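# Observations on the model geometry
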Amino acid sequence: SGESGAGKTESTKLLLQHIMNLCKGNSQLEQQILQVNPLLEAFGNAQTVMNDNSSRFGKYIQLRFQKNTVRGAKLSEYLLEKSRVVQQDTGERNFHIFYYMFAGLSLEEKEMYGLLDPSLYRYISGRFGTQDVAQRWKHKYQEVCNALDMVGFQEQEQVDMQAILAGVLSLGNVTFEPEESNGSVKVSEASWGWLKAAAVDVLRQLVCCVPCSPWSPSVSCCSLCADARDSIAKVAYGRVFGWIVCKINELLAENVDSEVELREIGILDIFGFENFAVNRFEQLCINLANEQLQHFFNHHIFQLEQAAYKDEELPWETITFNNNQAILNLLLAKPLGLMSLLDEQSAFPQATDKTFVDKLNSSFKGNLHFQPGRSHVLGFSIIHYAGKVQYTAGGFLEKNRDTLPANVRGLFINSITPLLSVLFTGKSLCYGRASYMNQGPPRQELGVGMRLHSLMVLMERMYSANPHFVRCIKPNNQKEPGVVDSQMVLLQLRYNGLLETIRIRRDGFSWRPSFEEFAER
């Protein structure tokens, strides 16, 4: 754990390398486990203001052992930040893979995928790097291609996947305009050129399926169409990412007799605590995950530790620690926690981000960890264990609903691109969402409740394990090597509870043998 940019992903890679070196077993499998990283980083990482290679999803890697040899591995992904596909703040980029494609594809391949100059695409905001950066991206693209081959992606699957990514970028340039004759909405004529890479029928259906009432202004209908367009782009990208994780798991699955008992080491690499100039729905989900991890740390280091001394009736002066249970209650309590209220508001068609904020203000009046928004921007603040974060509430309901019009989903299922059809039917798709994909054509994807449920299952698994904590400390905010900002380091040591941890270790008993070990001595 640690802040964004503290080095969690790099530490995870080093930890994996170390474990593989200790195993000296199935060298091919060990190499494959290490080589999937470039793939995950290309599709799941992006540049943010805090970190040039920030993980925009959480991953849990389970390594399965038999007699100190790795026999298999499984990867679980959590909370991919799909909204990044359609919007990035100043100083930030989209997922790496889009830039790698522009740098690495030949002119013929770009023509095949309908890709033009990168500065034209709204979803990457025309932000392209210098020649040196482009050269580095070209090298990264080759790494991704090698990883795709190694994982076992067929050539046609790779072509389909890049066609979908190119289609997503073209889709972002489609705009809408009012139809003068009858007040409805149509795809603007200037956009028709972008429909070479994005299916024409999908966009026609998109205009048909957006619910515009006769008395609502066509401007708001255009905005609803744009929201639906962005939803399609986000869902398509999310499905591609989930499919890649699924293929990786097929490759790394253990090939042993089901009766053989395997032992397991799990490594959790999840996004760090975030506090940007503008914090949205994604930052709330990320910071909630960090609150849960901090509570897990407190439970093991302070509560269980001090309970052991009390049970043994040893003289012990209780060490107080910063318990964040009240913040978790504010966020997760049912039926009146913030996340429950968000799901409740998302279920009302008439609800808006403003009605959601009004509900929060009335529900949490007087709560020490909640503050109503004080500026003209619609929002609220939460006092997290790591400090106060001000959230902008715009887009909360839309992101939580994550809607995909049912008739658009039907078009994807019947797509002439085989991969697109697979992604939207759930056939041969083994990652966690396949089960709900097969239950007919729902308009709604995953509400926050479902997304957080997978995190809860992960936390339960961790509470039943024997944990070791790797705390990553960020030395400075300038992304500079060899520079240590001592005040910034001290702040992290404080809010992480590490100063109290040092005290509990210093005052306690460091050697704890079992009775058998003691008697043997």
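Residues numbered from 1 in each chain as written. Predicted model: local features only at pLDDT ≥ 70, side-chain atom pairs only at ≥ 80, totals over all residues. Heavy atoms only, no water.

### Concerning the packing of aromatic side chains
Worth spelling out the cut-off: Between the rings of Phe, Tyr and Trp (Trp by its six-membered ring), a pair exists once the centres lie within 6.5 Å; its type follows the angle of the planes, with under 30 degrees stacked, over 60 edge-to-face, and the other angles tilted. For the purposes of this entry, the term helix denotes a DSSP run of H or I that reaches at least four residues, the term strand denotes a run of E that reaches at least two, and both are numbered from the N terminus. Think of it in three bands: with a 1.4 Å probe and only protein chains considered, a residue is buried below 20% of the maximum accessible area for its type, exposed above 50%, and partly exposed in between. Both a distance and an angle decide whether a charge sits over a ring: NZ of Lys or CZ of Arg must be within 6 Å of the ring centre and within 35 degrees of the ring normal.
Evaluation of the coordinates by the stated rule reveals 21 aromatic pairs. Plain terms: the ring middles of F370 and F380 are 5.9 Å apart, the flat faces sit at 20° to each other, and that makes the pair stacked. In this pair, F370 sits in strand β8 (residues 370–372) while F380 sits in strand β9 (residues 379–384), placing the two residues ten residues apart along the sequence. By relative accessible area, which is 5% here, F370 ends up buried. Judged by relative accessible area, F380 falls into the buried class, the value being 0%. Cluster of aromatic residues (ring-pair linked, three or more members): F281, F356, F364, F370, F380, Y391 and F396. Across from the ring centre of Y99, 5.4 Å away, lies the NZ or CZ of R93, which sits over that ring. K247 extends its terminal NZ or CZ atom over the ring of F153, reaching a point 5.5 Å from the ring centre.

### A word on the sheet that holds strand β3 (residues 58–66)
Selection rule: Two strands qualify as a pair provided that DSSP identifies no fewer than 2 bridges between them. A fitted line through C-alpha atoms serves as each axis, taken over the contacting stretch for helices, and the angle formed by two N-to-C directions is quoted from 0 to 180°. In what follows, a contact means two residues having at least one pair of non-hydrogen atoms within 4.5 Å.
Strands sit in the order β4-β3-β7 across an open sheet of three strands; the sheet is antiparallel. Two strands in the sheet have a free side with no partner beyond their single neighbour: β4 (69–78) and β7 (263–269). The average undirected angle you get between the axes of adjacent strands in this sheet is 15°. Judged from the seven bridges that link them, β3 and β7 form a sheet pairing that is antiparallel. From the neighbouring strand, Q62 faces β7, where its bridge partner is G266. Lying over the sheet, helix α2 (residues 27–35) contacts β3 and β4, oriented at roughly 20° with respect to β4.

### Things to note about the environment of Q487
On the secondary structure map, Q487 appears in helix α19 (residues 486–495). Take Q487: its relative accessible area is 57%, and that puts it in the exposed class.

### Thoughts on the nonpolar core
Most often, soluble globular proteins keep nonpolar side chains buried together rather than apart. Under the convention used in this document: Throughout this description, the term nonpolar core refers to a set of buried Ala, Val, Leu, Ile, Met, Phe, Trp, Tyr and Cys residues connected via side-chain atoms within 4.5 Å.
One finds L39, F43 and I97 to be the most contacted residues of the largest nonpolar core, which totals 80 residues. Sort the elements by how many residues they give to this core and helix α9 (residues 218–252) lands first, with 15 residues. I97 has contacts with A42, F43, V144, L165 and Y237, leaving out every residue within four places of it along the chain. With 43 residues, the next largest nonpolar core counts F273, L328, V389 and Y391 among its residues.

### Brief notes about the sheet that holds β8
Sheet architecture is open: three strands sit in the order β8-β9-β10, paired in antiparallel fashion. A strand with exactly one partner marks an edge of an open sheet, and here the two such strands are β8 and β10 (387–392). Strand-to-strand, the axes of this sheet are offset by a mean angle of 20°, without reference to chain direction. Packed on one face of the sheet, helix α11 (residues 325–332) meets β8 and β9 and runs near 150° to β9.

### Here's the deal with the pattern of salt bridges
Here is the rule we go by: The term salt bridge refers to a pairing of a side-chain nitrogen on Lys or Arg with a carboxyl oxygen on Asp or Glu at a separation within 4 Å.
Scanning all chains against the criterion turns up 23 salt bridges. As a salt-bridge pair, R56 and E274 come within 2.7 Å of each other at their nearest N and O atoms. With a gap of 218 residues between them, R56 in the loop between β2 (54–55) and β3 and E274 in the loop between β7 and α10 (281–311) connect regions that are remote in the sequence. A single burial state applies to R56 and to E274, both of which are buried.

### So, the packing of helix α12 (residues 338–346) against helix α13 (residues 353–363)
Test applied: Handedness of a crossing follows from how the near helix is turned relative to the far one, being left-handed for an anticlockwise turn of less than a right angle and right-handed for a clockwise one. Amino acids outside the nonpolar list (Ala, Val, Leu, Ile, Met, Phe, Trp, Tyr, Cys, Pro) and the charged list (Asp, Glu, Lys, Arg) are all regarded as polar, and Gly is one of them.
α13 packs onto α12 with a crossing angle of 145° between their chain directions and a minimal axis gap of 10 Å. As α12 packs across α13, the resulting crossing turns out to be right-handed. Residues L338, L341, L342, E344 and Q345 of α12 lie in contact with α13, whose contacting residues are T355, F356, K359, L360 and S363. Its residues placed into classes, the contact of α12 with α13 shows five nonpolar, three polar and two charged.

### Brief notes about the packing of α10 against helix α20 (residues 498–507)
In plain terms, the rule: Put simply, angles under 35 degrees are roughly parallel, angles over 145 are roughly antiparallel, angles from 65 to 115 are roughly perpendicular, and the rest are oblique.
One can describe the packing of α10 onto α20 by two numbers: an axis separation of 11 Å at closest approach and a directional angle of 30°. When the axis of α10 is compared with that of α20, the two are roughly parallel. Between α10 and α20 lies a crossing whose hand is left-handed. Here F297, I301, F302, E305 and Q306 of α10 come into contact with α20, specifically with L498, E500, T501, I504 and R505. Class assignment for the residues of the contact of α10 with α20 results in five nonpolar, two polar and three charged.

### Overview of the pairing of β3
With respect to burial, β3 is a largely interior element, eight of its nine residues being buried. Taken together, the nine bridges between β3 and β4 define a ladder with antiparallel strand orientation. Across the sheet, G58 pairs through a bridge with Y78, a residue of β4. Linking two consecutive strands that pair antiparallel, namely β3 and β4, is a turn of two residues; a positive phi of about 50° is found at K67 within it.

### Concerning the confidence of the model for the protein
Rule in force here: Each residue carries a pLDDT score, the predictor's own confidence in it, on a scale running from 0 to 100.
On average, residues of the protein score 85 in pLDDT, and 88% of them are at 70 or above. Note on residues 428–446: pLDDT is under 50 here. Beyond four places in sequence and across chains, it has 46 contacts.

### Concerning unusual backbone geometry
With omega at 5°, the peptide bond leading from K334 into P335 counts as cis. Position of P335 among the secondary structure elements: in the loop between α11 and α12. For E313, which is not glycine, the phi dihedral falls at a positive 55°. Here E313 shows up in the loop between α10 and α11.

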